Amino acid sequence: MKRAFITGITGQDGSYLAELLLGKGYEIHGLIRRSSTFNTGRIDHLYQDLHNPEARMYLHYGDLSVSGQLMDLLHDIRPDEVYHLGAQSHVRVSFDMPEYTGDVTGLGTLRLLEAIRKTGIKTKFYQASSSEMFGAAPPPQSEETPFEPQSPYAAAKVYAYYIVRNYRKAYNIYACNGILFNHEAPRRGETFVTRKITRAATRIKLGLQEKLYLGNLEAKRDWGFAGDFVEAMWLMLQQDEPDDFVIATGETHSVREFAEKVFQKLDLDYKEYVAIDQRYFRPAEVDVLLGDAAKARKKLKWEPKVSFDQLINMMVEADMEMARKEKTLIDAGFENGSNRG
Ligand code: NAP
Ligand code: GDD
């Protein structure tokens, strides 16, 4: 049985990757942060009582800012594969918390690579690199495109990207960068723009919300489905040699177009509900991301399966279901969907 260690298992990608690896028969070990509120909502459906001899998912408390513990965990678990997905992953927030983002998103990668080097375990390492690293570089962006990072988050990811390549060369560690373009899903965090839109539009449809405040509607992104993208992560660690790959759909759409389509699907006109709030603009913007994933198509035989329209349908349906539940509770007298008061 193969054993995998996943940082960021409680995040969007971590939850889809955990499902994928459990389905392939892996034993998985995830790093989770202690939190005063539950942060395992995305993986609760995968949890098995550890008294059950069939249980193959284990969670360990830890933090990417604490190196000694990462070393202990890798030493004890001795995973065949490490998927490093944990990060302060919000670009806008990285302008508010640049030092923290540099520490967790940049140095977090170094801490794991050092843990692998110092423990001497034989493992394969996946780094969640990002199309945000291309920043202001004109599209289409491929593995050959020079980076022009436009945010503290992107700068931290560029550091992590190069330290992965450095450890691969200097210490012969099997380490890969997956340069993933934006990928979304019903489990996307609610402050990323796609989910913010699907959540708000469905609530507006049911009369639970009046307006949706957004920032730059003209930014364009290459949006794919997270479930397709985690397959590419796994494929990267199944090759004979480590390498870096762009993973993208090869289509780009504006935030405006995304919002228009979502509202249209609900028979609403986005112009009546979307308002602009300067707070959501960034000190520096990434205008257009459009990935060229030819290398991954050829070498990994990877293809995205879910189209842009299918992704929108999937997210709208899931959020409509959530909004319906919320409305049912409110109609039954539970204020804001909870009995807080
Ligand atoms: P996400 O939903 O924001 O999840 C981030 C994960 O990192 C969560 O599990 C979070 O834990 C964990 N984390 C944050 N700070 C941590 C710390 N100090 N110590 C330990 N864990 C910590 O992100 P995602 O969308 O799944 O993305 C996964 C990775 O891919 C990230 O590295 C992201 O930067 C990168 N990426 C994402 C995309 C995309 O479009 N989704 C594209 C390219 C690259 P909590 O649940 O406790 O907060
Ligand atoms: N979040 C957010 N909220 N973004 C908005 C809003 C808003 O109200 N209004 C407009 N936008 C624009 C942003 O300015 C940006 O140009 C675009 O929508 C996408 O923003 P996000 O969904 O926050 O994603 P991102 O592209 O900045 O970052 C995501 O993708 C990266 C890969 O390219 C994150 O998942 C990163 O972790 C990831 O690396």
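Treat the numbers as computed from the prediction; the structure is a model and nothing was measured. (Residues numbered from 1 in each chain as written. Chains lettered and ligands numbered in written order. Predicted model: local features only at pLDDT ≥ 70, side-chain atom pairs only at ≥ 80, totals over all residues. Heavy atoms only, no water.)

(A) Representation of the site of ligand 2 within the structure. Surrounding ligand 2, one finds 24 residues, the nearest of these being Ser130, Ser131, Tyr153, Asn182 and Arg282. A distance of 2.6 Å separates an oxygen atom of ligand 2 from a polar atom in the backbone of Ser89. When isolated, ligand 2 has an accessible area of 710 Å², and the protein chains bury 96% of it. Within the shell around ligand 2, the residues separate by chemical class into 10 nonpolar, eight polar and six charged. (Near = heavy atom within 4 Å. Polar contact = N/O pair within 3.5 Å; in protein donor to acceptor, adjacent residues only side chain to side chain. Areas by Shrake-Rupley, 256 points an atom, 1.4 Å probe, with all protein chains shown as cover. Nonpolar A, V, L, I, M, F, W, Y, C, P; charged D, E, K, R; others polar.)

(B) Highlighting the packing of helix H4 (residues 98–119) against helix H5 (residues 152–171). At a closest axis distance of 8 Å, the pairing of H4 and H5 adopts a crossing angle of 15°. It follows that H4 is roughly parallel to H5 by the angle criterion. H5 is crossed by H4, and the crossing has right-handed handedness. Contacts between H4 and H5 involve Pro98, Thr101, Gly102, Thr105, Gly106, Leu107, Thr109, Leu110, Leu113, Glu114 and Arg117 from the former and Pro152, Tyr153, Ala156, Lys157, Tyr159, Ala160, Ile163, Val164, Tyr167 and Tyr171 from the latter. Looking at the contact of H4 with H5 residue by residue, the class counts come to 13 nonpolar, five polar and three charged. (Axes fitted to C-alpha atoms, helices over the stretch in contact; angles between N-to-C directions. Helix = DSSP H or I, 4+ residues; strand = E, 2+ residues; numbered from the N terminus. Parallel < 35°, antiparallel > 145°, perpendicular 65-115°, else oblique. Left-handed = near helix turned anticlockwise from the far one by under 90°. Contact = heavy atoms within 4.5 Å.)

(C) Representation of unusual backbone geometry within the structure. For the peptide bond that leads from Pro139 to Pro140, omega is -5°, which places it in the cis range. Its place among the elements puts Pro140 in the loop between strand E5 (124–130) and H5. Non-glycine residue Arg78 carries a positive phi angle of around 50°. For Arg78, the location among the structural elements is in the loop between helix H2 (67–77) and strand E4 (81–84). On the basis of relative accessible area, Arg78 is assigned to the partly exposed category, the value being 41%. Phi at Lys301 takes a positive value of approximately 55°, unusual for a residue other than glycine. Tracing the backbone through its elements, the reader meets Lys301 in the loop between helix H9 (294–299) and helix H10 (308–331). (Buried < 20%, exposed > 50% of the residue type's maximum accessible area, 1.4 Å probe, protein only.)

(D) Local environment of the sheet that holds E5. Strand order in the open sheet formed by seven strands is E3-E2-E1-E4-E5-E6-E11, with parallel pairing between adjacent strands. Strands with a single pairing partner mark the edges of an open sheet, and in this sheet they are strand E3 (57–61) and strand E11 (245–247). For this sheet, the mean angle separating the axes of adjacent strands, direction not counted, is 20°. The sheet contact formed by strand E6 (residues 174–180) and E11 spans three bridges and is parallel. The residue of E11 that forms the bridge with Gly178 is Phe245. (Pairing = 2+ DSSP bridges.)

(E) Quick look at the nonpolar core. Counting residues in each nonpolar core, the largest one holds 76 residues, and the members touching the most others are Ile28, Tyr83 and Ile247. Among the elements that take part in this core, helix H7 (residues 226–236) stands out by supplying eight residues, more than any other. Those residues in contact with Tyr83, other than ones at most four positions away along the chain, are Ala4, Phe5, Ile6, Thr7, Leu17, Leu21, Tyr26, Tyr126, Met233, Trp234, Leu237 and Gln238. Judged by nonpolar contacts, the second largest core, of 20 residues, contains Leu70, Ile163, Tyr167 and Ile173. (Core = buried A, V, L, I, M, F, W, Y, C linked by side-chain atoms within 4.5 Å.)

(F) Representation of the pattern of salt bridges within the structure. For the coordinates displayed, the defined rule picks out 25 salt bridges. With a closest N to O distance of 2.8 Å, Arg168 and Asp244 form a salt bridge. A residue pair is termed long-range when its members are at least 10 positions apart, and Arg168 in helix H5 and Asp244 in the loop between H7 and E11 qualify at 76 residues. One salt-bridge network, held together by shared partners, links Glu190, Arg195, Arg199, Arg203, Asp319 and Glu326. (Salt bridge = Lys/Arg side-chain N within 4 Å of Asp/Glu carboxyl O.)

(G) Highlighting the packing of aromatic side chains. As enumerated under the stated definition, the model contains 13 aromatic pairs in all. With a centroid separation of 6.3 Å and an interplanar angle of 40°, the aromatic rings of Tyr83 and Tyr126 are classed as tilted. Linking Tyr83 in strand E4 with Tyr126 in strand E5, this pair joins segments that are 43 residues apart in sequence. In terms of burial, Tyr83 and Tyr126 fall into one category: buried. Judged by centre distance (5.4 Å) and plane angle (45°), the rings of Phe134 and Phe147 are tilted. Here Phe147 lies in the loop between E5 and H5 and Phe134 lies in the loop between E5 and H5, a separation of 13 residues in the sequence. (Phe/Tyr/Trp six-rings, centres within 6.5 Å; stacked < 30°, edge-to-face > 60°.)

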